[in-house]
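A structural walkthrough
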Amino acid sequence: MQMNSKERILAAIRHEVPDRIPVAVQEIEKEYEFSRYLGIQEHEPMVHPDIGYYSPAYAKVGIDCFRLEMAYAGELSVSPDGETLNEWGAVAKKDYGTEHWYPLGNAESIADIDRHAWPDPDQFDYARAAGKAAAISGDYAVRGPHWYPLLCRVFDLMGMENALVNMSCEPELFEASLERVFEITYACTERLIETCGEHMPIVCGADDFGSQRGLMLSPEAWRKYLKPRYAKLFELTKKHGKYVWFHSCGDISPVLPDLIDIGMDVWETVQLHTLPISPEQLKREYGKHITFFGAVNSQRLPFQSPDEVRAEVRRCIDLLGEGGGYICSADHGIRADVPNENIEALFSEAVAYRRPGYTLLTD
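Within every chain, residues take consecutive numbers counted from 1 along the sequence as written. Given that this is a predicted model, residues contribute local features only at a pLDDT of at least 70 and side-chain atom pairs are listed and counted only at 80 or more, while totals for whole chains, interfaces and linings are drawn from all residues. Based on all heavy atoms of the structure, the side-chain values leave hydrogens and waters out of the count.

**Describing the packing of helix H6 (residues 151-158) against helix H7 (residues 160-169)**
Quick note on the threshold: Every axis in this analysis is a line fitted to C-alpha atoms, fitted for helices over the stretch in contact. Angles between the N-to-C directions lie between 0 and 180 degrees. The way it works is that DSSP assigns letters per residue, a run of H or I at least four long becomes a helix, a run of E at least two long becomes a strand, and they are numbered from the N terminus. The scheme is simple: roughly parallel for angles under 35 degrees, roughly antiparallel for over 145, roughly perpendicular for 65 to 115, oblique for anything else. Working rule for handedness: look at the near helix, and if it is turned counterclockwise from the far one by less than a right angle, call the crossing left-handed; if clockwise, right-handed. It only takes one pair of heavy atoms within 4.5 Å for two residues to be counted as in contact. By the convention adopted, Pro, Cys, Tyr, Trp, Phe, Met, Ile, Leu, Val and Ala count as nonpolar, Lys, Arg, Asp and Glu as charged, and the other residues, Gly among them, as polar.
At a minimum axis separation of 7 Å, H6 and H7 run at an interaxial angle of 110°. By the angle between their directions, the pair H6 and H7 is classed as roughly perpendicular. Read as a crossing pair, H6 and H7 show a hand that is right-handed. Residues Leu-151, Val-154, Phe-155 and Met-158 of H6 form the contact with H7, whose own contacting residues are Met-160, Asn-162, Ala-163, Leu-164, Asn-166 and Met-167. Looking at side-chain class alone, the contact of H6 with H7 contains eight nonpolar, two polar and no charged residues.

**Side note on the nonpolar core**
Our working rule: In these notes, a set of buried Ala, Val, Leu, Ile, Met, Phe, Trp, Tyr and Cys residues joined through side-chain atoms within 4.5 Å is what counts as a nonpolar core. Each residue is assigned to one of three classes by its accessible area relative to the maximum for its type, calculated with a 1.4 Å probe on protein chains only: buried under 20%, partly exposed between the two thresholds, exposed over 50%.
Counting 102 residues, the largest nonpolar core has Phe-209 and Leu-282 as its most contacted members. At 11 residues, the largest contribution of residues to this core is made by helix H8 (residues 171-196). Grouped together as the second largest cluster of nonpolar side chains are 13 residues, Ile-13, Ala-24, Ile-202 and Cys-204 included.

**Considering the pairing of strand S5 (residues 202-206)**
Applicable threshold: Strand pairing follows a simple DSSP-based rule, namely that at least 2 bridges must link the two strands.
In terms of burial, S5 is largely enclosed, as five of its five residues are buried. Along S5, one buried face is formed by Ile-202, Cys-204 and Ala-206 and the opposite face, lined by Val-203 and Gly-205, is buried too. The pairing of strand S4 (residues 141-144) with S5 spans two bridges and is classified as parallel. Pairing of Arg-143 across the sheet is with Ile-202, part of S5. Sheet topology note: the S5/strand S8 (residues 243-247) ladder contains five bridges and is parallel. Paired with Ala-206 across the two strands is His-247, which belongs to S8.

Quick look at the structure:
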């Protein structure tokens, strides 16, 4: 039986064999150029005002799942350096280094934390997000909200180095900041779930606490500060009958059993080359519990031939796709230096490849 994209994604999450391996992507940086390569002359922007995170190029190559953005409708401020701040009062995408301005970088007390201009959960545009979800949810799987982390938000506010130092030396400051981030994130997630209803079957969590060499913090610290808060967010998601899709890249193997224990359904993103275990062992030990997203090495994509890309896609499906439980994708966003031929090869091979027990043989 041929499935639509939504059915295909949800089947994989339920560890059922879909009609083909489902396909998703974090981002194609040169989306407009790729659209022209595919022969799409008049393309819509990646974030469409009525549909959300969508483009005809993504649809044409077989992407089955789209991310839902949640816009902030409140007023934004400006940093002392003149940079526009995001809704959290931080400079977007500047969480590392000492040369940047961080609103809580010099916090010395919990009172300093409390005085920060925290975002108002009532100021997010849930209705518009719900409209976007409704526009595509009949055919496509919708997951959201995109990028609402806990630890990385504290990095945005304090600076990564300062936050990790505070975790060890000023734990009350670190935890007070983390708790405020958690409270707001929980409230926003709850409102989004309730507003989107059935049109958003997958709720995203996200945090980058791993590197390609292991965790940024000890497993003990992760379990003390982050696990209880993730558990509450996952419980909220499950209470509403949604699936938990959690992004954390790098080698997070020391806490992967913990994430499974508290209810993670999909792990984004699997970077096979960073893990201390083989793909076969990963599938054997965890494949009954979670669905894997990613695996195709995005760091190699700029340097491979299209045939090499196709071979890697088949390898990833063979290793992770048996019995469902795999969503094929590059293991990170596809950067601008990846040839168009390689992008097309990745998706076309994933859509076309058939193996018994991995996909239903519908063709």
